[in-house]
Number of protein chains: 2
Amino acid sequence: MPRQVDHDERRRLLTEALLRIAGTRGLRAVSMREIAAEAGVSLRVVQYYFANKQALLESGLTELGARMDRRVKQRAAAAAGELTPRGVLAAVLGAIVPFDEQSRLDSMAWTAYYSAALTDPALAAAGLTLPNALENFLTLRLTAAQQAGDIAPDRDPRTEVAGLLALANGLTSSVLSGQRSHEAATEIIDYYLDRLFGRDHRGFDPHPP
Amino acid sequence: MPRQVDHDERRRLLTEALLRIAGTRGLRAVSMREIAAEAGVSLRVVQYYFANKQALLESGLTELGARMDRRVKQRAAAAAGELTPRGVLAAVLGAIVPFDEQSRLDSMAWTAYYSAALTDPALAAAGLTLPNALENFLTLRLTAAQQAGDIAPDRDPRTEVAGLLALANGLTSSVLSGQRSHEAATEIIDYYLDRLFGRDHRGFDPHPP
DNA sequence: CCCGAATGGATACAGTCGTATCCTAACGCT
DNA sequence: AGCGTTAGGATACGACTGTATCCATTCGGG
(Lines give C-alpha, C1' and ligand atoms only; values in the text may rest on other atoms or scores of the structure.)
Protein backbone atom coordinates (compact mmCIF):
# COMPACT_ATOMS: atom_id res chain seq x y z
CA MET A 1 0.00 0.00 0.00
CA PRO A 2 2.81 2.46 0.52
CA ARG A 3 4.72 3.80 -2.38
CA GLN A 4 2.97 4.70 -5.59
CA VAL A 5 0.64 7.37 -4.21
CA ASP A 6 -0.17 10.51 -6.12
CA HIS A 7 0.68 13.28 -3.67
CA ASP A 8 -1.21 15.94 -5.58
CA GLU A 9 -4.29 13.75 -5.66
CA ARG A 10 -4.05 13.14 -1.92
CA ARG A 11 -3.67 16.84 -1.22
CA ARG A 12 -6.63 17.60 -3.43
CA LEU A 13 -8.72 15.07 -1.51
CA LEU A 14 -7.77 16.61 1.82
CA THR A 15 -8.33 20.15 0.56
CA GLU A 16 -11.81 19.22 -0.61
CA ALA A 17 -12.58 17.69 2.76
CA LEU A 18 -11.42 20.91 4.38
CA LEU A 19 -13.67 23.03 2.17
CA ARG A 20 -16.61 20.75 2.82
CA ILE A 21 -16.23 21.35 6.55
CA ALA A 22 -15.62 25.08 6.16
CA GLY A 23 -18.70 25.38 3.95
CA THR A 24 -21.05 23.52 6.26
CA ARG A 25 -19.74 24.14 9.75
CA GLY A 26 -17.38 27.08 9.35
CA LEU A 27 -13.63 27.52 9.68
CA ARG A 28 -13.96 27.21 13.46
CA ALA A 29 -14.89 23.57 12.95
CA VAL A 30 -11.84 22.88 10.80
CA SER A 31 -9.26 20.90 12.73
CA MET A 32 -6.65 18.42 11.56
CA ARG A 33 -8.63 15.58 13.10
CA GLU A 34 -11.91 16.72 11.57
CA ILE A 35 -10.36 16.90 8.13
CA ALA A 36 -8.97 13.41 8.57
CA ALA A 37 -12.39 12.09 9.57
CA GLU A 38 -14.13 13.90 6.71
CA ALA A 39 -11.63 12.51 4.19
CA GLY A 40 -11.78 9.05 5.74
CA VAL A 41 -8.10 8.87 6.60
CA SER A 42 -6.05 8.98 9.77
CA LEU A 43 -4.64 12.09 11.40
CA ARG A 44 -1.14 11.00 10.40
CA VAL A 45 -2.04 11.13 6.71
CA VAL A 46 -3.14 14.75 7.00
CA GLN A 47 0.10 15.58 8.74
CA TYR A 48 2.05 13.62 6.15
CA TYR A 49 0.78 15.58 3.18
CA PHE A 50 0.64 19.02 4.77
CA ALA A 51 3.46 20.33 6.91
CA ASN A 52 1.09 22.23 9.18
CA LYS A 53 -2.39 23.62 9.45
CA GLN A 54 -1.43 26.91 7.90
CA ALA A 55 -0.39 25.20 4.65
CA LEU A 56 -3.69 23.35 4.62
CA LEU A 57 -5.65 26.56 5.05
CA GLU A 58 -3.74 28.27 2.27
CA SER A 59 -4.38 25.32 -0.01
CA GLY A 60 -8.08 25.66 0.76
CA LEU A 61 -8.08 29.33 -0.15
CA THR A 62 -6.23 28.66 -3.40
CA GLU A 63 -8.68 25.93 -4.38
CA LEU A 64 -11.59 28.19 -3.53
CA GLY A 65 -10.19 30.91 -5.77
CA ALA A 66 -9.70 28.40 -8.57
CA ARG A 67 -13.30 27.25 -8.25
CA MET A 68 -14.64 30.79 -8.40
CA ASP A 69 -12.49 31.50 -11.41
CA ARG A 70 -13.69 28.31 -13.12
CA ARG A 71 -17.31 29.17 -12.43
CA VAL A 72 -16.96 32.65 -13.83
CA LYS A 73 -15.27 31.42 -17.00
CA GLN A 74 -17.81 28.64 -17.38
CA ARG A 75 -20.79 30.94 -17.14
CA ALA A 76 -19.17 33.54 -19.32
CA ALA A 77 -18.58 30.85 -21.96
CA ALA A 78 -22.14 29.54 -21.63
CA ALA A 79 -23.40 33.05 -22.36
CA ALA A 80 -21.05 33.27 -25.31
CA GLY A 81 -23.97 32.91 -27.67
CA GLU A 82 -24.61 36.56 -26.98
CA LEU A 83 -21.20 38.15 -26.89
CA THR A 84 -22.64 41.44 -25.71
CA PRO A 85 -20.83 43.29 -22.93
CA ARG A 86 -24.00 43.06 -20.92
CA GLY A 87 -23.98 39.27 -21.31
CA VAL A 88 -20.45 39.05 -19.98
CA LEU A 89 -21.22 41.33 -17.05
CA ALA A 90 -24.38 39.41 -16.21
CA ALA A 91 -22.52 36.10 -16.39
CA VAL A 92 -19.72 37.22 -14.09
CA LEU A 93 -21.99 38.87 -11.54
CA GLY A 94 -24.32 35.87 -11.71
CA ALA A 95 -21.39 33.58 -10.96
CA ILE A 96 -20.55 35.52 -7.81
CA VAL A 97 -23.98 35.21 -6.24
CA PRO A 98 -24.47 31.55 -5.23
CA PHE A 99 -26.89 29.79 -7.60
CA ASP A 100 -26.72 26.11 -6.63
CA GLU A 101 -25.80 24.01 -3.64
CA GLN A 102 -22.14 23.71 -4.54
CA SER A 103 -21.64 27.41 -5.15
CA ARG A 104 -23.53 28.11 -1.95
CA LEU A 105 -21.12 25.92 0.03
CA ASP A 106 -18.17 27.59 -1.65
CA SER A 107 -19.53 31.04 -0.91
CA MET A 108 -19.96 30.04 2.71
CA ALA A 109 -16.36 28.88 2.85
CA TRP A 110 -15.24 32.02 1.04
CA THR A 111 -17.02 34.22 3.56
CA ALA A 112 -15.40 32.31 6.42
CA TYR A 113 -11.99 32.80 4.83
CA TYR A 114 -12.67 36.45 4.17
CA SER A 115 -13.46 37.23 7.77
CA ALA A 116 -10.51 35.17 8.96
CA ALA A 117 -8.25 37.08 6.58
CA LEU A 118 -9.27 40.38 8.16
CA THR A 119 -7.32 39.43 11.29
CA ASP A 120 -4.78 37.06 9.76
CA PRO A 121 -2.26 38.75 7.45
CA ALA A 122 -1.07 35.41 6.08
CA LEU A 123 -4.44 34.84 4.40
CA ALA A 124 -5.10 38.46 3.45
CA ALA A 125 -2.68 38.62 0.54
CA ALA A 126 -3.93 35.47 -1.16
CA GLY A 127 -7.58 36.44 -0.70
CA LEU A 128 -7.34 39.78 -2.50
CA THR A 129 -5.82 38.72 -5.81
CA LEU A 130 -9.00 37.29 -7.27
CA PRO A 131 -11.34 40.23 -6.55
CA ASN A 132 -8.76 42.68 -7.91
CA ALA A 133 -8.25 40.66 -11.07
CA LEU A 134 -12.01 40.50 -11.62
CA GLU A 135 -12.38 44.23 -11.13
CA ASN A 136 -9.64 45.02 -13.61
CA PHE A 137 -10.95 42.58 -16.19
CA LEU A 138 -14.50 43.92 -16.03
CA THR A 139 -13.34 47.52 -16.12
CA LEU A 140 -11.46 46.83 -19.35
CA ARG A 141 -14.50 45.21 -20.91
CA LEU A 142 -16.83 47.99 -19.85
CA THR A 143 -14.47 50.68 -21.10
CA ALA A 144 -14.40 48.94 -24.47
CA ALA A 145 -18.18 48.71 -24.41
CA GLN A 146 -18.37 52.42 -23.78
CA GLN A 147 -16.09 53.20 -26.72
CA ALA A 148 -18.27 50.93 -28.87
CA GLY A 149 -21.26 53.00 -27.85
CA ASP A 150 -23.01 50.31 -25.81
CA ILE A 151 -23.28 52.45 -22.72
CA ALA A 152 -23.70 56.16 -22.27
CA PRO A 153 -20.55 58.28 -22.51
CA ASP A 154 -21.15 59.99 -19.16
CA ARG A 155 -20.89 56.71 -17.25
CA ASP A 156 -17.66 56.00 -15.42
CA PRO A 157 -16.64 52.39 -16.14
CA ARG A 158 -14.37 52.10 -13.09
CA THR A 159 -17.05 53.31 -10.72
CA GLU A 160 -19.74 51.21 -12.37
CA VAL A 161 -17.68 48.03 -12.10
CA ALA A 162 -16.66 48.71 -8.51
CA GLY A 163 -20.29 49.34 -7.67
CA LEU A 164 -21.57 46.25 -9.42
CA LEU A 165 -19.00 43.99 -7.78
CA ALA A 166 -19.74 45.44 -4.37
CA LEU A 167 -23.43 44.95 -5.13
CA ALA A 168 -22.87 41.29 -6.04
CA ASN A 169 -20.87 40.75 -2.85
CA GLY A 170 -23.52 42.38 -0.73
CA LEU A 171 -26.24 40.34 -2.39
CA THR A 172 -24.22 37.18 -1.78
CA SER A 173 -24.23 38.00 1.92
CA SER A 174 -27.98 38.39 1.97
CA VAL A 175 -28.51 35.17 -0.02
CA LEU A 176 -26.24 33.20 2.32
CA SER A 177 -28.07 34.45 5.36
CA GLY A 178 -31.38 33.41 3.83
CA GLN A 179 -32.58 37.00 3.71
CA ARG A 180 -33.07 36.83 -0.04
CA SER A 181 -33.38 34.10 -2.67
CA HIS A 182 -30.97 33.66 -5.54
CA GLU A 183 -33.72 34.75 -7.92
CA ALA A 184 -34.40 37.95 -6.00
CA ALA A 185 -30.69 38.78 -6.08
CA THR A 186 -30.53 38.15 -9.81
CA GLU A 187 -33.48 40.45 -10.37
CA ILE A 188 -31.73 43.25 -8.53
CA ILE A 189 -28.60 42.77 -10.62
CA ASP A 190 -30.67 42.79 -13.82
CA TYR A 191 -32.42 45.92 -12.67
CA TYR A 192 -29.10 47.72 -12.39
CA LEU A 193 -27.78 46.30 -15.65
CA ASP A 194 -30.95 47.41 -17.42
CA ARG A 195 -30.28 50.95 -16.32
CA LEU A 196 -26.59 50.82 -17.14
CA PHE A 197 -27.27 49.50 -20.63
CA GLY A 198 -30.07 51.87 -21.28
CA ARG A 199 -33.16 49.72 -21.18
CA ASP A 200 -34.94 52.03 -18.77
CA HIS A 201 -37.68 54.12 -20.24
CA ARG A 202 -35.90 57.41 -20.23
CA GLY A 203 -32.36 56.25 -20.56
CA PHE A 204 -29.65 56.06 -23.10
CA ASP A 205 -30.48 54.31 -26.35
CA PRO A 206 -27.42 52.29 -27.34
CA HIS A 207 -28.44 52.14 -30.99
CA PRO A 208 -30.52 55.16 -32.00
CA PRO A 209 -32.25 54.93 -35.40
CA MET B 1 -14.89 45.84 47.74
CA PRO B 2 -17.75 43.35 47.39
CA ARG B 3 -21.33 44.47 47.48
CA GLN B 4 -22.54 47.63 45.85
CA VAL B 5 -21.53 46.81 42.29
CA ASP B 6 -23.62 47.85 39.32
CA HIS B 7 -24.18 44.62 37.43
CA ASP B 8 -25.25 46.33 34.22
CA GLU B 9 -22.16 48.49 34.32
CA ARG B 10 -19.94 45.45 34.86
CA ARG B 11 -21.59 43.61 31.98
CA ARG B 12 -21.17 46.61 29.74
CA LEU B 13 -17.47 46.73 30.61
CA LEU B 14 -17.00 43.09 29.75
CA THR B 15 -19.02 43.36 26.56
CA GLU B 16 -16.88 46.26 25.41
CA ALA B 17 -13.74 44.28 26.13
CA LEU B 18 -15.17 41.42 24.07
CA LEU B 19 -15.90 43.71 21.13
CA ARG B 20 -12.45 45.25 21.35
CA ILE B 21 -10.91 41.79 20.96
CA ALA B 22 -13.33 40.72 18.23
CA GLY B 23 -12.65 43.94 16.31
CA THR B 24 -8.88 43.67 16.45
CA ARG B 25 -8.08 39.98 16.59
CA GLY B 26 -11.31 38.33 15.49
CA LEU B 27 -13.88 36.16 17.23
CA ARG B 28 -11.42 33.25 17.21
CA ALA B 29 -9.30 35.18 19.68
CA VAL B 30 -12.23 35.71 22.04
CA SER B 31 -11.94 33.47 25.08
CA MET B 32 -13.16 33.94 28.62
CA ARG B 33 -9.60 34.45 29.82
CA GLU B 34 -8.79 36.96 27.06
CA ILE B 35 -11.85 39.00 27.88
CA ALA B 36 -10.87 39.00 31.54
CA ALA B 37 -7.37 40.20 30.69
CA GLU B 38 -8.66 42.87 28.28
CA ALA B 39 -11.09 44.16 30.90
CA GLY B 40 -8.47 43.98 33.63
CA VAL B 41 -10.41 41.58 35.83
CA SER B 42 -10.08 37.95 36.81
CA LEU B 43 -11.60 35.01 34.99
CA ARG B 44 -14.00 34.49 37.86
CA VAL B 45 -15.50 37.94 37.37
CA VAL B 46 -16.34 37.15 33.75
CA GLN B 47 -17.97 33.92 34.87
CA TYR B 48 -19.78 35.72 37.64
CA TYR B 49 -21.54 38.22 35.38
CA PHE B 50 -22.20 35.95 32.43
CA ALA B 51 -23.54 32.44 32.87
CA ASN B 52 -21.58 31.11 29.90
CA LYS B 53 -19.74 32.14 26.78
CA GLN B 54 -22.85 32.00 24.64
CA ALA B 55 -24.54 34.69 26.75
CA LEU B 56 -21.43 36.84 26.42
CA LEU B 57 -21.41 36.47 22.64
CA GLU B 58 -25.07 37.36 22.39
CA SER B 59 -24.50 40.42 24.54
CA GLY B 60 -21.74 41.45 22.15
CA LEU B 61 -24.01 41.13 19.16
CA THR B 62 -26.75 43.12 20.85
CA GLU B 63 -24.33 45.90 21.74
CA LEU B 64 -22.98 45.93 18.21
CA GLY B 65 -26.49 46.32 16.84
CA ALA B 66 -27.18 49.13 19.27
CA ARG B 67 -24.03 50.94 18.19
CA MET B 68 -24.91 50.66 14.51
CA ASP B 69 -28.38 51.92 15.24
CA ARG B 70 -26.99 54.83 17.23
CA ARG B 71 -24.56 55.74 14.48
CA VAL B 72 -27.26 55.70 11.82
CA LYS B 73 -29.61 57.88 13.89
CA GLN B 74 -26.76 60.24 14.78
CA ARG B 75 -25.71 60.78 11.19
CA ALA B 76 -29.28 61.05 10.03
CA ALA B 77 -29.85 63.73 12.65
CA ALA B 78 -26.65 65.55 11.71
CA ALA B 79 -27.91 65.74 8.14
CA ALA B 80 -31.25 66.98 9.38
CA GLY B 81 -30.47 70.45 8.08
CA GLU B 82 -31.35 69.10 4.68
CA LEU B 83 -34.36 66.92 5.26
CA THR B 84 -34.30 65.69 1.70
CA PRO B 85 -34.84 61.98 1.10
CA ARG B 86 -31.45 61.88 -0.52
CA GLY B 87 -29.87 63.33 2.61
CA VAL B 88 -31.43 60.60 4.75
CA LEU B 89 -30.35 57.88 2.36
CA ALA B 90 -26.80 59.25 2.14
CA ALA B 91 -26.60 59.48 5.92
CA VAL B 92 -27.76 55.93 6.49
CA LEU B 93 -25.58 54.41 3.80
CA GLY B 94 -22.65 56.53 4.97
CA ALA B 95 -23.12 55.19 8.47
CA ILE B 96 -22.86 51.60 7.25
CA VAL B 97 -19.50 52.02 5.55
CA PRO B 98 -16.85 52.50 8.27
CA PHE B 99 -15.70 56.13 8.43
CA ASP B 100 -13.49 56.33 11.53
CA GLU B 101 -11.42 54.04 13.70
CA GLN B 102 -14.26 53.13 16.03
CA SER B 103 -16.73 52.29 13.28
CA ARG B 104 -14.00 50.33 11.53
CA LEU B 105 -13.46 48.19 14.63
CA ASP B 106 -17.20 47.69 14.96
CA SER B 107 -17.52 46.71 11.33
CA MET B 108 -14.72 44.21 11.80
CA ALA B 109 -16.52 42.71 14.77
CA TRP B 110 -19.80 42.76 12.85
CA THR B 111 -18.23 40.88 9.96
CA ALA B 112 -16.82 38.30 12.35
CA TYR B 113 -20.25 37.84 13.93
CA TYR B 114 -21.90 37.64 10.54
CA SER B 115 -19.74 34.81 9.34
CA ALA B 116 -20.07 33.01 12.66
CA ALA B 117 -23.84 33.35 12.42
CA LEU B 118 -23.84 31.56 9.06
CA THR B 119 -22.97 28.33 10.85
CA ASP B 120 -24.39 29.07 14.28
CA PRO B 121 -28.19 29.29 14.38
CA ALA B 122 -28.14 30.81 17.86
CA LEU B 123 -26.57 34.00 16.50
CA ALA B 124 -28.39 34.06 13.17
CA ALA B 125 -31.74 35.28 14.48
CA ALA B 126 -30.33 38.22 16.44
CA GLY B 127 -28.10 39.29 13.56
CA LEU B 128 -30.86 39.68 11.00
CA THR B 129 -33.23 41.98 12.83
CA LEU B 130 -31.21 45.14 12.27
CA PRO B 131 -30.64 44.80 8.50
CA ASN B 132 -34.29 43.97 7.96
CA ALA B 133 -35.44 46.93 10.00
CA LEU B 134 -33.14 49.23 8.04
CA GLU B 135 -34.39 47.90 4.73
CA ASN B 136 -38.02 48.41 5.69
CA PHE B 137 -37.40 51.89 7.04
CA LEU B 138 -35.57 53.06 3.95
CA THR B 139 -38.14 51.53 1.61
CA LEU B 140 -40.87 53.51 3.33
CA ARG B 141 -38.91 56.73 3.00
CA LEU B 142 -38.08 56.16 -0.62
CA THR B 143 -41.67 55.28 -1.49
CA ALA B 144 -42.77 58.54 0.09
CA ALA B 145 -40.06 60.37 -1.86
CA GLN B 146 -41.37 58.86 -5.05
CA GLN B 147 -44.92 59.97 -4.32
CA ALA B 148 -43.57 63.44 -3.62
CA GLY B 149 -41.95 63.43 -7.03
CA ASP B 150 -38.35 63.35 -5.85
CA ILE B 151 -37.44 60.28 -7.86
CA ALA B 152 -38.67 59.03 -11.19
CA PRO B 153 -41.97 57.09 -11.18
CA ASP B 154 -40.48 54.11 -13.01
CA ARG B 155 -38.01 53.37 -10.22
CA ASP B 156 -38.84 50.53 -7.86
CA PRO B 157 -38.22 51.71 -4.28
CA ARG B 158 -37.92 48.18 -2.86
CA THR B 159 -35.35 47.13 -5.42
CA GLU B 160 -33.46 50.39 -5.15
CA VAL B 161 -33.19 50.13 -1.37
CA ALA B 162 -32.19 46.46 -1.47
CA GLY B 163 -29.55 47.30 -4.05
CA LEU B 164 -28.20 50.29 -2.15
CA LEU B 165 -27.94 48.36 1.12
CA ALA B 166 -26.21 45.46 -0.61
CA LEU B 167 -23.91 47.99 -2.24
CA ALA B 168 -23.05 49.55 1.11
CA ASN B 169 -22.35 46.12 2.59
CA GLY B 170 -20.15 45.14 -0.31
CA LEU B 171 -18.27 48.43 -0.09
CA THR B 172 -17.79 47.87 3.63
CA SER B 173 -16.07 44.58 2.84
CA SER B 174 -13.70 46.22 0.42
CA VAL B 175 -12.93 49.06 2.83
CA LEU B 176 -12.21 46.64 5.67
CA SER B 177 -9.85 44.63 3.53
CA GLY B 178 -7.99 47.78 2.58
CA GLN B 179 -8.96 47.41 -1.06
CA ARG B 180 -10.65 50.80 -1.06
CA SER B 181 -10.62 53.91 1.10
CA HIS B 182 -13.64 55.27 2.88
CA GLU B 183 -13.66 58.22 0.51
CA ALA B 184 -13.64 56.01 -2.57
CA ALA B 185 -16.59 54.06 -1.16
CA THR B 186 -18.49 57.26 -0.44
CA GLU B 187 -17.90 58.46 -3.99
CA ILE B 188 -19.40 55.29 -5.39
CA ILE B 189 -22.46 55.65 -3.18
CA ASP B 190 -22.83 59.28 -4.23
CA TYR B 191 -22.51 58.25 -7.86
CA TYR B 192 -25.46 55.90 -7.49
CA LEU B 193 -27.48 58.39 -5.47
CA ASP B 194 -26.87 61.03 -8.12
CA ARG B 195 -28.39 58.75 -10.72
CA LEU B 196 -31.29 57.74 -8.53
CA PHE B 197 -32.16 61.33 -7.70
CA GLY B 198 -31.78 62.53 -11.23
CA ARG B 199 -28.56 64.49 -11.24
CA ASP B 200 -27.18 62.59 -14.19
CA HIS B 201 -27.13 64.51 -17.44
CA ARG B 202 -29.88 62.63 -19.18
CA GLY B 203 -31.95 61.56 -16.22
CA PHE B 204 -35.11 62.51 -14.46
CA ASP B 205 -35.46 66.11 -13.40
CA PRO B 206 -37.15 66.11 -9.98
CA HIS B 207 -38.40 69.68 -10.35
CA PRO B 208 -38.97 70.60 -13.97
CA PRO B 209 -39.49 74.32 -14.64
C1' DC C 1 -22.51 42.95 66.87
C1' DC C 2 -22.74 39.49 63.92
C1' DC C 3 -24.76 36.50 60.46
C1' DG C 4 -25.63 35.64 55.81
C1' DA C 5 -25.40 37.16 51.23
C1' DA C 6 -22.59 39.35 47.64
C1' DT C 7 -18.20 39.43 45.32
C1' DG C 8 -14.30 37.59 43.46
C1' DG C 9 -9.41 35.08 43.91
C1' DA C 10 -7.26 30.49 43.14
C1' DT C 11 -7.37 26.25 41.30
C1' DA C 12 -9.06 22.03 39.17
C1' DC C 13 -11.19 19.28 35.49
C1' DA C 14 -12.14 17.12 31.24
C1' DG C 15 -11.73 18.11 26.29
C1' DT C 16 -9.65 19.55 22.14
C1' DC C 17 -6.09 21.62 19.71
C1' DG C 18 -1.62 21.49 16.65
C1' DT C 19 2.43 19.07 16.53
C1' DA C 20 6.04 15.52 17.35
C1' DT C 21 7.69 10.89 17.86
C1' DC C 22 7.97 5.96 17.56
C1' DC C 23 7.36 2.10 15.02
C1' DT C 24 5.71 -1.09 11.44
C1' DA C 25 4.46 -2.56 6.86
C1' DA C 26 5.16 -2.54 1.96
C1' DC C 27 7.24 -1.52 -2.17
C1' DG C 28 11.35 -0.26 -5.92
C1' DC C 29 15.92 -1.12 -6.82
C1' DT C 30 20.33 -3.36 -7.08
C1' DA D 1 17.11 -11.65 -1.67
C1' DG D 2 17.67 -7.92 1.15
C1' DC D 3 18.12 -2.97 1.92
C1' DG D 4 16.45 1.65 2.15
C1' DT D 5 12.92 4.67 1.33
C1' DT D 6 8.02 5.72 1.48
C1' DA D 7 3.48 5.53 3.58
C1' DG D 8 0.83 5.57 7.51
C1' DG D 9 -0.97 3.58 12.35
C1' DA D 10 -0.68 4.63 17.36
C1' DT D 11 0.28 7.48 20.83
C1' DA D 12 2.10 11.31 23.51
C1' DC D 13 2.97 16.21 24.75
C1' DG D 14 2.06 20.73 26.25
C1' DA D 15 -0.99 24.50 25.53
C1' DC D 16 -5.43 26.22 25.68
C1' DT D 17 -10.46 25.90 26.02
C1' DG D 18 -15.20 26.43 28.80
C1' DT D 19 -16.89 25.32 33.08
C1' DA D 20 -17.06 24.04 38.03
C1' DT D 21 -15.64 24.24 42.81
C1' DC D 22 -13.59 25.79 47.00
C1' DC D 23 -12.63 29.44 49.78
C1' DA D 24 -11.75 34.18 51.66
C1' DT D 25 -13.06 38.52 51.98
C1' DT D 26 -16.43 42.48 52.84
C1' DC D 27 -20.49 44.68 53.45
C1' DG D 28 -25.83 45.58 54.73
C1' DG D 29 -29.49 44.57 57.78
C1' DG D 30 -31.34 42.32 62.02
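Residues numbered from 1 in each chain as written. Chains lettered and ligands numbered in written order. Predicted model: local features only at pLDDT ≥ 70, side-chain atom pairs only at ≥ 80, totals over all residues. Heavy atoms only, no water.

> Any chance you could explain the layout of surface pockets here in plain terms?
Left-over empty space is what a probe sized like a water molecule reveals as it rolls over the atoms. Taken as a whole, the second largest pocket spans an internal volume of roughly 880 Å³. Secondary-structure elements contributing two or more residues to the lining of the second largest pocket are helix 4 (53-78) and helix 6 (101-117) of chain A together with helix 1 (7-25), helix 4 (53-78) and helix 6 (101-117) of chain B. The biggest single contributor to the lining of the second largest pocket is helix 6 of chain B, with 5 residues. For the lining of the second largest pocket, the per-class residue count stands at 17 nonpolar, 9 polar and 8 charged. (1 Å grid on protein atoms, 1.4 Å probe; cavity = no way out; pocket = protein on both sides within 12 Å on 5 of 7 lines; lining within 4 Å. Points joined across faces, edges and corners; volume = space filled by probe spheres on them. Helix = DSSP H or I, 4+ residues; strand = E, 2+ residues; numbered from the N terminus. Nonpolar A, V, L, I, M, F, W, Y, C, P; charged D, E, K, R; others polar.)

> Just to check I follow, could you spell out the UniProt feature "DNA-binding region" (unreviewed entry) in chain A for this structure?
Mapped onto this numbering, the UniProt entry annotates "DNA-binding region" (unreviewed entry) at residues 31-50 of chain A. As a span, residues 31-50 of chain A carries 75% helix and 0% strand, and end to end its C-alpha atoms are 13 Å apart. (UniProt positions renumbered as here; feature names shortened; annotations may be inferred.)

> What is the right way to look at the UniProt feature "domain: HTH tetR-type" (unreviewed entry) in chain A in this model?
Feature annotation in UniProt assigns "domain: HTH tetR-type" (unreviewed entry) to the following positions: residues 8-68 of chain A. With 80% helix and 0% strand, the stretch residues 8-68 of chain A has end C-alpha atoms that lie 20 Å from each other.

> Hey, could you run me through the packing of aromatic side chains in this one?
Here a ring pair, both rings aromatic, is described through the centre-centre distance and the interplanar angle of the planes. Applying the stated rule across the entire model yields 5 aromatic pairs over all chains. Ring plane angle 75° and centroid distance 5.8 Å describe the contact between Y191(B) and Y192(B), whose orientation is recorded as edge-to-face. Like Y192(B), Y191(B) is buried. In textbook terms, an aromatic cluster arises when at least three aromatic residues are bridged by ring pairs, as seen for Y191(A), Y192(A), Y191(B) and Y192(B). Between R75(A) and the ring centre of F99(A), over which it is positioned, the NZ or CZ distance is 4.4 Å. (Phe/Tyr/Trp six-rings, centres within 6.5 Å; stacked < 30°, edge-to-face > 60°. Buried < 20%, exposed > 50% of the residue type's maximum accessible area, 1.4 Å probe, protein only. Lys NZ or Arg CZ within 6 Å of the ring centre and 35° of its normal.)

> What am I meant to see in empty space enclosed by the protein here?
In total, this model carries 4 cavities of 30 Å³ or more according to the counting rule given. The computed volume of the second largest cavity comes to approximately 40 Å³. A22(A), G26(A), M108(A), T111(A), A112(A), S115(B), L118(B) and T119(B) together form the lining of the second largest cavity. In terms of residue count, helix 6 of chain A provides more of the lining of the second largest cavity than any other element does, 3 residues in total. Of the residues belonging to the lining of the second largest cavity, the class tally is 4 nonpolar, 4 polar and no charged.

> How do you make sense of the environment of P85(A) when you look at a structure like this?
Residue and element names in this part refer to chain A. Tracing the chain through its elements places P85 in helix 5 (residues 85-96). As for P85 and A145, which are separated by 60 residues in sequence, their C-alpha atoms are 6.2 Å apart. In this view, P85 contacts A145, D150 and F197; residues no more than four positions away in its chain are not counted. (Contact = heavy atoms within 4.5 Å.)

> Teacher, can you tell me more about the pattern of salt bridges here?
Where charged atoms from two side chains of opposite charge approach closely, those side chains can pair. A full pass over the atoms with the stated rule returns 32 salt bridges over all chains. Its salt-bridge partner being E9(A), residue R12(A) comes within 3.1 Å of it at the nearest N-O pair. Of this pair, R12(A) and E9(A) both sit in helix 1 (residues 7-25), separated by 3 residues, roughly a single helical turn. In this structure E9(A) comes out as partly exposed when scored by relative accessible area, which is 34%. Here R86(B) and D194(B) are joined by a salt bridge, their closest N and O atoms 2.7 Å apart. Of this pair, R86(B) sits in helix 5 (residues 85-96) while D194(B) is found in helix 9 (residues 182-196), placing the two residues 108 residues apart along the sequence. The exposure class of R86(B) is buried, given its relative accessible area of 13%. (Salt bridge = Lys/Arg side-chain N within 4 Å of Asp/Glu carboxyl O.)

> Help me understand the side chain of S107(B), please; the structure alone is not making it clear to me.
Residue and element names in this part refer to chain B. As for its placement among the helices and strands, S107 is situated in helix 6. The buried category is assigned to S107, whose relative accessible area is 5%. The contacts of S107, once residues within four sequence positions are left out, are M68, I96, P98, T172 and L176.

> Please explain the nonpolar core as it appears in this structure.
L89(A), L164(A), L89(B), L93(B) and L164(B) are the most contacted members of the largest nonpolar core, which has 60 residues in total. Within the residue set of this core, elements represented by two or more residues are helix 5, helix 7 (121-147), helix 8 (157-176) and helix 9 (182-196) of chain A together with helix 5, helix 7 (121-147), helix 8 (157-176) and helix 9 of chain B. In contact with L93(B), other than residues within four places in its own chain, are L164(B), L165(B), A168(B), I189(B) and L193(B). Among the nonpolar cores identified, the runner-up in size contains 28 residues, and L18(B), A36(B), Y49(B) and Y113(B) belong to it. (Core = buried A, V, L, I, M, F, W, Y, C linked by side-chain atoms within 4.5 Å.)

> Would you mind going over the environment of V41(B) with me for this structure?
Residue and element names in this part refer to chain B. Along the chain, V41 turns up in the loop between helix 2 (32-39) and helix 3 (43-49). The class of V41 is partly exposed, set by a relative accessible area of 23%. Counting along the chain gives 27 residues from V41 to L14, while the straight-line C-alpha distance between them is 9.1 Å.

> What should I look at first to understand the relation of the copies chain A and chain B in this one?
Relating one copy of the chain to the other requires a rotation about an axis plus a shift along that axis. Placing chain A over chain B gives an RMSD of 0.0 Å and needs a rotation angle of 180°, together with 0.0 Å of translation along the axis. The symmetry that links the two subunits is that of a two-fold axis. Interface residue correspondence from chain A to chain B reaches 100%, placing this contact among same-surface, isologous pairings. (Least-squares fit on C-alpha atoms with pLDDT ≥ 70 in both.)

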